[in-house]
Amino acid sequence: MRVLLKIVLDCEPDAAWRAIRSPSVLREVSAPLTTFESLEAGGFPAVWEAGAHPVRVKALGLIPLGEQIIGISYPTLPGVRAMRDTGRGLSGQ
């Protein structure tokens, strides 16, 4: 299945790009219903780098939901900035 979302944001493209690449923005928009804890040494990076980022997920910050990989890549597309998450669950409750 392929799901595409198109939305017009009231911000500059660079601001949207910074937000998409920010682990802190992920944590802000998912809280308080879902919380993410980095399992990497040193915690979350300042900006998502390409690669696998293991996390622990909780509902309401209390109920363990399991662990997953956030799998970041930056595909090269002509005239487009794109980030792809091909992550997957590692465990689940």
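Residues numbered from 1 in each chain as written. Predicted model: local features only at pLDDT ≥ 70, side-chain atom pairs only at ≥ 80, totals over all residues. Heavy atoms only, no water.

A. Region of the structure containing the pattern of salt bridges. Tallying each qualifying case throughout the model produces three salt bridges. Of the charged contacts in the structure, one is a salt bridge between Asp-14 and Arg-81, with a shortest N-O distance of 2.9 Å. Here Asp-14 is found in helix H1 (residues 13-20), whereas its partner Arg-81 is found in the loop between strand E3 (63-73) and strand E4 (84-85), with 67 residues between them in sequence. Measuring nitrogen to oxygen at the nearest pair gives 3.3 Å for the salt bridge that ties Glu-67 to Arg-56. Note that Glu-67 is positioned in strand E3 and Arg-56 in strand E2 (residues 51-59), a separation of 11 residues in sequence. Assessed through its relative accessible area of 29%, Arg-56 is described here as partly exposed. Here the residues in one salt-bridge network are Glu-37, Arg-56 and Glu-67, joined through shared partners. (Salt bridge = Lys/Arg side-chain N within 4 Å of Asp/Glu carboxyl O. Helix = DSSP H or I, 4+ residues; strand = E, 2+ residues; numbered from the N terminus. Buried < 20%, exposed > 50% of the residue type's maximum accessible area, 1.4 Å probe, protein only.)

B. Local environment of the packing of aromatic side chains. Taken as a whole and assessed by the stated rule, the structure comprises two aromatic pairs. A ring pair is formed by Phe-44 and Trp-48, whose centres lie 5.9 Å apart and whose planes are at 85 degrees; its orientation type is edge-to-face. Take Phe-44 and Trp-48: they sit in the same class, and that class is buried. (Phe/Tyr/Trp six-rings, centres within 6.5 Å; stacked < 30°, edge-to-face > 60°.)

C. Geometry of the layout of surface pockets. What the largest pocket holds in volume is close to 1,100 Å³. The wall of the largest pocket is formed by 30 residues, among which Leu-5, Ile-20, Arg-81, Ala-82 and Met-83 lie closest to the centre. When contributions to the lining of the largest pocket are tallied by element, the ones reaching two or more residues are H1, helix H2 (23-30), E3 and E4. The element that contributes the greatest number of residues to the lining of the largest pocket is H1, accounting for five residues. Partitioned by chemical class, the residues of the lining of the largest pocket number 22 nonpolar, three polar and five charged. (1 Å grid on protein atoms, 1.4 Å probe; cavity = no way out; pocket = protein on both sides within 12 Å on 5 of 7 lines; lining within 4 Å. Points joined across faces, edges and corners; volume = space filled by probe spheres on them. Nonpolar A, V, L, I, M, F, W, Y, C, P; charged D, E, K, R; others polar.)

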